[in-house]
Amino acid sequence: MTWSALRFFAGSTPMAVLVSGLAGVQPASNEPHICELLGWPRNVQASEQRTVTLQDQHLVGSFIVDGPVAIMTLQPSQLRRASILAGAGIVAFGLETSDGAPPLLVLDVGFMLQHQQRAKQAS
Amino acid sequence: MNDVDAEQQAVAAAAANPSASTDRLAAATEYLVFQGRAALLAIAADQIVEIAPRAVISRLPWPPRYVAGVCAVRGRVIPVLNLDDAIRGDMLRVETMALPRMVIAQFDELEFGLLAEHTFGLYSLRSDELTPTQGTLYSARTTWRGAALHVISAEAICAAVRLPA
């Protein structure tokens, strides 16, 4: 069994969402950047930006991510379940094959969308 | 009285009162002493899993307090803690993230990395040398080679990082 995921970056941090939570990928427009959503400083030099739209049941949300953006497959042997220390918003970590590579953060789509909605309501 | 006489007297005293000698030995614990960015730290040797070069750290969204991020170490994904900030009470600093190695420790099945500039080695500290502290990530402090040494409480760390930020 393998999972397909969309791989992208938030600044220099590699991230992925499983395609089951993916509703679309378009050229970047004027949505908020994922770094703003996560409260991180934004990497203004990023290239190949895209707007990613996620959906979880009735919740839909879009944000800009940094490239390169690509579809990848994740094997169960590459995945590590996120511990309680990983905080919220992460369902698993993906391990890349190259030595010294940082773990790939596999986002919790439902949590991200709920957080985005709460942030919109608060603003 | 020279050193040999003193040693002989100590051996004789220990032989005369073996329970006292055992108590004294039992109160001594081995600690790994290491240098963080801003502080001299120690952690009980039986909680150490390994000392590894620092890998690339991934930042986390909404991380628990003191968690700088996660890194991959030989197939495991380990949260990396920034205890310098716990001492100084300030925000995560880039200089801390650049420290070259990690002391990887485990408590209650929870593995975590502590960033370190330098490790000094294992040293035995007696409980009567330590001043207990409360309400922090440190169980005690003492003076070691003329500097303040903070003894890390893995139990307190695990409790603290499991709470919301």
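Look above for the structure.
This text gives an overview of the structure that appears in the document. Everything numeric in this text was worked out from a predicted model, so none of it was measured.

## Side note on unusual backbone geometry
Residue Pro68(A) is bonded to the preceding Gly67(A) through a cis peptide linkage, with omega at 0°. As for its placement among the helices and strands, Pro68(A) is situated in strand β5 (residues 59–74). In this structure, Arg74(B) is a non-glycine residue whose phi angle is positive, near 45°.

## Some thoughts on the interface of chain B and chain A
Tallying the contact residues gives 17 residues for chain B and 24 residues for chain A. Each partner contributes to the roughly 1,800 Å² buried at the junction of chain B and chain A, and carbon and sulfur atoms together form 74% of this total. Contact with chain A buries surface across chain B, with Arg59(B), Pro61(B) and Trp62(B) losing the most and accounting together for 39% of the total. Summed over the shared surface of chain B and chain A, the number is zero salt bridges. If you look at where chain B meets chain A, you find four residue pairs in polar contact (both at pLDDT 80 or more). Elements that contribute at least two residues to the side of chain B that touches chain A include exactly β4 (67–73) and β5 (76–81) of chain B.

## Structural notes on the sheet that holds strand β10 (residues 138–144) of chain B
Pairing between the strands of a sheet is mediated by backbone hydrogen bonds and can be parallel or antiparallel. All names here are of chain B. Strand order in the open sheet formed by six strands is β8-β1-β2-β11-β10-β9, and the pairing between neighbours is mixed. Every other strand in the sheet has two partners, leaving β8 (118–126) and β9 (131–132) as the edge strands with one partner each. Sheet topology note: the strand β2 (residues 40–44)/strand β11 (residues 147–152) ladder contains three bridges and is parallel. Across the sheet, the residue bridging to Leu41 is His150, located in β11.

## Regarding the side chain of Glu111(B)
All names here are of chain B. Relative to the assigned elements, Glu111 resides in strand β7 (residues 110–116). Given the relative accessible area of 18%, Glu111 is considered buried. Polar side-chain contacts of Glu111 include one of 2.7 Å to the side chain of Arg76. What Glu111 contacts, discounting residues up to four positions off in sequence, is Val49, Arg76, Ile78, Pro79, Ile104, Ala105 and Gln106.

## Things to note about the pattern of salt bridges
All names here are of chain B. Within the structure shown, the criterion is met by four salt bridges over all chains. Put simply, Arg76 and Glu111 hold a salt bridge, and the shortest N to O gap is 2.7 Å. Residue Arg76 is located in strand β5, and its partner Glu111 is located in strand β7; the two are separated by 35 residues in the primary sequence. A relative accessible area of 24% means that Arg76 is categorised as partly exposed. Salt bridges linked by common partners bring Glu50, Arg74, Arg76 and Glu111 together as one network.

## Comments concerning helix α2 (residues 109–122) of chain A
All names here are of chain A. Over its 14 residues, α2 extends 20 Å from the first C-alpha to the last, a length consistent with the 20 Å expected when each residue adds 1.5 Å. Residues of α2 that are buried include every one of Val109, Gly110, Met112, Leu113, His115 and Gln116, and no others. Structurally, α2 contributes buried residues whose contacts are with β2 (13–18), α1 (34–38), β4 (50–56), β5 and β8 (104–107). The N-cap residue of α2 is Asp108: its side-chain oxygen and the backbone nitrogen of Gly110 are 3.3 Å apart.

What counts and what doesn't
Residues numbered from 1 in each chain as written. Chains lettered and ligands numbered in written order. Predicted model: local features only at pLDDT ≥ 70, side-chain atom pairs only at ≥ 80, totals over all residues. Heavy atoms only, no water. Helix = DSSP H or I, 4+ residues; strand = E, 2+ residues; numbered from the N terminus. Contact = heavy atoms within 4.5 Å. Buried area = accessible area lost by both parts, 1.4 Å probe. Salt bridge = Lys/Arg side-chain N within 4 Å of Asp/Glu carboxyl O. Polar contact = N/O pair within 3.5 Å; in protein donor to acceptor, adjacent residues only side chain to side chain. Pairing = 2+ DSSP bridges. Buried < 20%, exposed > 50% of the residue type's maximum accessible area, 1.4 Å probe, protein only. Expected span 1.5 Å × (residues − 1).

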